[in-house]
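Coordinates in review
These are the residues of each chain, in order.
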Amino acid sequence: MLKKSEKIKQVFKFADLSKYTFKQRLTIRLVELVFYLLISIIGKTIRFEIDGWENFEQIERDNKTPIYTFWHNRIFLSTYFWRKRRIVVMTSQSLDGEYISRCIQRLGYGASRGSSTRGGMKSLAEMIQLMNEGLPTALSIDGPKGPKYVAKLGATLLAEKTGHPILPFSVEIKNFWEAKNWDNLQIPKPFSRAKLLIGKPLYVPNNSNEAEIENKRLDLQNALDELVKRGVQWRESEN
């Protein structure tokens, strides 16, 4: 078993790619670099407005560590805005997960390799350990494969086990391209405006029973739905 300090170093370190073929290693390195450059270059052109920053500050005043939670299709600008904060993100144990992990590590994130569909419980245990060491975490709560806009239990369980609050947020982009994938990933057009909406912290009492955890999941679902609704209203009012 790795010591705690070694575990922290591991999540910020590029994974060994020796199990992959030469072609796969080349693909991973090329794709992660392209993604990193796209996020960095386009992100620098975006003009952000922020609504609810006091909710983030409240967590700091309470000496707690946030569990950042958002919808998967907002991942592009979310990754850019919260960069360089040593936030640990759950990524999948797959070829796609490798280049995503390396891309976000370049942006100052840690990568815990697992997902709700593969290695999830192991990764959740790792994230609990890392939060106990003072590192914030983040989950795209309907990822990695959906259903779109349906909150899974990961963030709620993490909050229940650690005592740290969930911080729901959403990013609404004024002008964007929409990918034709399961979540309709939003890619901002350069020099667009964007609004970051941050909800109130959500706490989950330790030793909550199954029904209580489900109720908290629904609270998170409703909080994210409301943030998206407010974001869409802002975008439409700007047209």
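The rules behind each value
Residues numbered from 1 in each chain as written. Predicted model: local features only at pLDDT ≥ 70, side-chain atom pairs only at ≥ 80, totals over all residues. Heavy atoms only, no water. Axes fitted to C-alpha atoms, helices over the stretch in contact; angles between N-to-C directions. Helix = DSSP H or I, 4+ residues; strand = E, 2+ residues; numbered from the N terminus. Parallel < 35°, antiparallel > 145°, perpendicular 65-115°, else oblique. Left-handed = near helix turned anticlockwise from the far one by under 90°. Contact = heavy atoms within 4.5 Å. Nonpolar A, V, L, I, M, F, W, Y, C, P; charged D, E, K, R; others polar. Patch = residues over 30% accessible without salt bridge, like charges linked within 9 Å, V, L, I, M, F, W, Y side chains within 5 Å. Areas by Shrake-Rupley, 256 points an atom, 1.4 Å probe, with all protein chains shown as cover. Salt bridge = Lys/Arg side-chain N within 4 Å of Asp/Glu carboxyl O. Buried < 20%, exposed > 50% of the residue type's maximum accessible area, 1.4 Å probe, protein only. Pairing = 2+ DSSP bridges.

Next up on the list: the packing of helix α2 (residues 22–45) against helix α5 (residues 95–106). Running from amino to carboxyl end, α2 crosses α5 at an angle of 45°, the nearest separation of the two axes being 8 Å. If you check the angle between α2 and α5, you find them oblique. Regarding α2 and α5, the two cross each other, and that crossing is right-handed. For the pair α2 and α5, the contacting residues are Gln 24, Ile 28, Arg 29, Val 31, Glu 32, Leu 33, Phe 35, Tyr 36 and Ile 39 in the first and Leu 95, Glu 98, Tyr 99, Arg 102, Cys 103 and Arg 106 in the second. Here the residues of the contact of α2 with α5 are counted per class, giving nine nonpolar, one polar and five charged.

Trans is the common state for peptide bonds, and a negative phi is the common state for residues other than glycine. Here the bond from Gly 143 into Pro 144 is cis, since omega is 0°, no more than 30 degrees from zero. Examined against the element boundaries, Pro 144 turns out to sit in the loop between β5 (137–140) and α7 (154–162). For the peptide bond that leads from Gly 146 to Pro 147, omega is 10°, which places it in the cis range. Phi angles above zero are rare outside glycine, and Asn 63 is one such case at about 60°. Its location among the elements puts Asn 63 in the loop between α3 (53–61) and β2 (67–70). Positive phi, normally seen in glycine, also occurs at Tyr 149, with a value near 60°.

The residue Ser 170 is located in strand β6 (residues 166–173) in this model. Not counting chain neighbours up to four residues away, the residues in contact with Ser 170 comprise Arg 74, Lys 195, Leu 196, Leu 197, Leu 227 and Val 228.

What follows concerns a nonpolar patch on the surface. A contiguous nonpolar patch, built from Leu 30, Val 34, Phe 35 and Leu 38 and spanning about 340 Å² of accessible area, is present on the exposed surface. Val 34 gets classed as partly exposed once you look at its relative accessible area, which sits at 39%.

Moving on, we come to the sheet that holds β2. Spatially, seven strands are ordered β1-β9-β6-β2-β5-β3-β4 in an open sheet, and the strand pairing comes out mixed. Lying at the two open borders of the sheet, with one neighbouring strand each, are β1 (47–51) and β4 (110–113). Here the strands of the sheet are splayed against their neighbours by 30° on average, with no regard to which way each runs. In the sheet, β2 pairs with β6 via three bridges, with the strands oriented parallel. For Tyr 68, the partnering residue across the bridge sits in β6 and is Leu 167. Together, β2, β5 and β6 form the strand contacts of α7, whose direction differs from that of β2 by roughly 165°.

Moving on to the environment of Phe 35. Here Phe 35 shows up in helix α2. Remark: the alpha-carbon pair of Phe 35 and Ile 46, spanning 11 residues in sequence, is separated by 17 Å. Leave out the neighbours within four places in its chain, and Phe 35 touches Tyr 99 and Cys 103.

Across the two faces of β2 the burial is the same, with Ile 67 and Thr 69 and Tyr 68 and Phe 70 all buried. Pairing geometry for β2 and β5, over four bridges, is parallel. Opposite Tyr 68, over in β5, you have Ala 138 as the bridge partner.

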